Amino acid sequence: MAELAQRLDCKCEEKWQAFWEKNKCFSFDEKGSSLPVYSIDTPPPFTSGDLHMGHVLSYSYFDFVARYKRMQGYNVYFPQGWDCQGFPTEVRVEKKHGRKPPEEFRALCRQWTEQCISNMKSQMQRMGFSADWKYEYRTMDPSYHKKVQLSILKMHSAGQVYRAKHPVFWCPNCRSALAKTDTDEMERSSTLHDIKFELQTGKGEKKEAIISTTRPELMHACVAVLFNPKDSRYTKYSGANAITALGKVVPLLPDNDVDIEFGSGLVMVCTFGDKQDVVWMYRHKLPHIEAMDDAGRLKNAGEFDGLKCEEAKKKILEKFKNEGKLLSSRPIAQAVKVHDRCGKAVELANSWQWFAKITDKRARIVDAAKKMKWIPSFAISHLENWAEFVEWDWVISRQRIFGTPIPFWVCEKCSKIIPAKEEELPANPPTQKKKCLCGGDAKGETSVFDCWVDSSITPLIISKWEEDEKFFKRTYPSSLRPQGVEIIRTWAFYTIYRCLELTGKPPFTELLLNGNVLAPDGKKMSKSLGNIIAPDKLIDESGADSVRIWAALSGAMAKDRPFSHQDIKYAKSFLNKFLNAGKFVQKANAGYTSSQEDAKNLRTIDKYFLHRLNEVITTCASAWENYEFHHIIKASHDFFWHEFCDYYLEYVKNRIYSKEDSPDKRAAQYCLHTIYSQIILLLAPITPHACEEVWQIFKNKENSSVQLEKYPQASKIFSHPSTAGAGKLLETLVSQIRQEKANKKLSLNSPVQKLSLALPKEQMHFFEKVEDELKSVCNIEEIEKKDGSELSIKLSIPEPDAG
RNA sequence: GGGCCCGUGGUGGAAUGGUUAACACGUUCGCCUCACACGCGAAAGAUUCCCGGUUCGAUCCCGGGCGGGCCCACCA
């Protein structure tokens, strides 16, 4: 029989990882299997090069579920992908190689990403993730591009995708459109200027007014002046015009969003000073004036054309001052959006972009979400709350390089849009010329898709949508979508939207949310604080199973939790205990083959522990239903450690150590075998390596894996509720005698000459069933029993030798 | 300003409308008892944030306050 490992460390774990791979333990059965399919749509991590503890936590969750469902008899489909295309990669590659022509640059990005994936994949494997790598996907692959393009072409032909000129976040420094997630907020001090305007009624009367602004240089793009309709100072001017300090006449309009308290209660709308201006522009159907070019220089500004903002601001203020229109200036604290990569202030710019019609789909998305099971249930409120505030359609194009090409051409003559043909996919429009029907040249779109366009079809990718109808039917929708809370409004929201549009069916049935891992000090992990926990180092020191136990213990779903070294410490101790118990069972049961026959000779105490096992199995079953991993750990660990090890192993030692084979001894061996093997199976999804290691002592075939066994189920065979009285009584007595010995500063195995025990009559018959166990565990020679109103004990202990 | 979550021994955190509020780490004391010192046993340590209310009874339900976290919006 196999010798168990000295230690359950990462070396031992590697052995089992290789074993699983060799025996293809995690293969999805594509054909033939009659087992129900359970599919998991896991998040493809962004290929940064390293997993962080958040990945480790969430991927542990997915893996617990995958392994559990397999043991429950599901045909588990657990693919894993990579989200490759993103700005951070471009930045890193540019830093390393400098700027290059697009095709060459893209190749360098791919190369870089390949390395990142290889490292992250090996990190995942070290954690024991049981993904089926046969179905690995990467968003930068041509096959993936093809699906993304196809999905957009379909949405385009359904009228869901369109091209339009629209203000987007723009970095004048990098000359690219940005997603809101690419921006940071920065506090900075600015100056608020009061500038003289005029109000003009229909009758030609003029009145002076004041506008407070931090951006006077945008005044040439002012298209309206607004006031709050509750503001009595201005209600009488409704329908009037305002004249800007530059002499331009613009409408004066009421709007509820204007803050009465701020400044004079008047605000100028400039296209596009900030996002609020854009909202107002659409709301009041105002014309727009392009205030600056893509490098941040003013345009349509007359004498100020070509100036950068700061210079323009200086000049225009000087002008107003000379004309007596600058009334006052004072400092003001202001938060500005800056590009997170270059730190420069972000502007809003009008440009041609591609959009997906999401605003009128909000109710549909929320309805679909409500039909899914959200765990925890409150998490759906993040999506509902977000849907409520979606004001604009989704900008799906980005002026970047490393992304999925947008499969459209635009005629330079008649502006007609020419979509790629399905057989051309994956298309790379900039490299290809097209002719329009009108005879004009059509130019290939040079922008690429927002990365959420890529990742919002993962349920379609993994189910081979539009590729393998049979496979699709078996694996769509996904049974489970596990993901982080912070990407509900992006990944979950867009995925539900896109998959509904494309298939008419919601993409998953259950969502499992996880929170973030904070540093041990409760703060966010960050390089600058130096409080980052590196997964690799942790695995080296403590092993993957310890880390997985930590993850399971952090199982308060969708809540952030500090990383806990004490959980890791506990986990290591537990695994050590688990292994040592295995060694004991292995030795105790050497030469013994479990047989149901032996169950006929079970003692009361044996039945009691089987009964307790059964209760624990029941507890775990309901915990699994709700993905309460910490309850599974708690119930199974407590039973294993503080009942099975602390008491039961002590109770049976006497029988186990007896030389000759007897029905009594075999009953103990049967029980050790049954309980320990069931505990292994209970824990196998959470600590698979350790369980595989100790499972060897029960293995009958060389390549059989604990992962392929059936998960324990509660059974009548184990149920012996009538033994509880005796079991609990024995525990109480042992504990009290140990306490007595501890009080007398004696070692636990010090002999007791005589135990005088008083018990209520109704407990006496319980006691008689466990008397032998008490005697052997506490090293008692003689027990004197008598009836009493309550339990009491008295020990007679021989005096220690004087010498 | 809006939404959501949370406030439990030194620390991290379970649970529950009802007798002594888990468990782990840490601490104290005693034990190397033939699976395990990454161990065994014993023990100390909590007004379950505060104030009201519902209830026979609240840590749990409701209201208010104070405090913390996350997300969103605004910042002319």
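This text follows the structure it describes.
Quick caveat: nothing in here was measured; it's all calculated off a predicted structure.

(A) Region of the structure containing the overall build of chain A. Secondary structure summary: chain A contains 22 helices and 29 strands in total. The C-alpha atoms of chain A give a radius of gyration of 36 Å, which is well past the 28 Å a tight globule of 803 residues would have. If you line up chain A on its principal axes, its C-alpha atoms span 115 × 60 × 45 Å. Sorting the 803 residues of chain A into buried and exposed places 55% on the buried side. Restricting to contacts in chain A with at least 6 residues of sequence separation, those with at least 24 account for 78%.

(B) Layout of the side chain of T723. Residue placement: T723 occurs in the loop between α20 (688-695) and α21 (724-743). Setting aside anything within four residues of it in sequence, one finds T723 in contact with T604, K607, Y608 and H611.

(C) Quick look at the nonpolar core. Counting residues in each nonpolar core, the largest one holds 139 residues, and the members touching the most others are W550, F578, F629, F640, F644, Y676 and L774. In terms of residue count, the dominant contributor to this core is helix α18 (residues 629-657) (15 residues). Once residues within four sequence positions are removed from consideration, F629 is found in contact with Y61, F64, V65, A552, M557 and W624. Y77, A356, W409 and L425 belong to the second-largest nonpolar core, a separate cluster that totals 64 residues.

(D) Local environment of the sheet that holds strand β29 (residues 792-796). With mixed pairing, the three strands of this open sheet are ordered in space as β28-β27-β29. Each of the sheet's edge strands pairs with one partner strand only, and the pair in question is β28 (780-787) and β29. Neighbour to neighbour, the strand axes of the sheet diverge by 15 degrees on average, direction disregarded. The sheet contact formed by strand β27 (residues 752-759) and β28 spans seven bridges and is parallel. The residue bridging V752 from the neighbouring strand is I780, located in β28. Against the sheet, α21 engages β27, β28 and β29, with an angle of about 45 degrees to β29.

Definitions and limits used
Residues numbered from 1 in each chain as written. Chains lettered and ligands numbered in written order. Predicted model: local features only at pLDDT ≥ 70, side-chain atom pairs only at ≥ 80, totals over all residues. Heavy atoms only, no water. Helix = DSSP H or I, 4+ residues; strand = E, 2+ residues; numbered from the N terminus. Rg over C-alpha atoms; globule rule 2.2 N^0.38 Å. Buried < 20%, exposed > 50% of the residue type's maximum accessible area, 1.4 Å probe, protein only. Contact = heavy atoms within 4.5 Å. Core = buried A, V, L, I, M, F, W, Y, C linked by side-chain atoms within 4.5 Å. Pairing = 2+ DSSP bridges. Axes fitted to C-alpha atoms, helices over the stretch in contact; angles between N-to-C directions.

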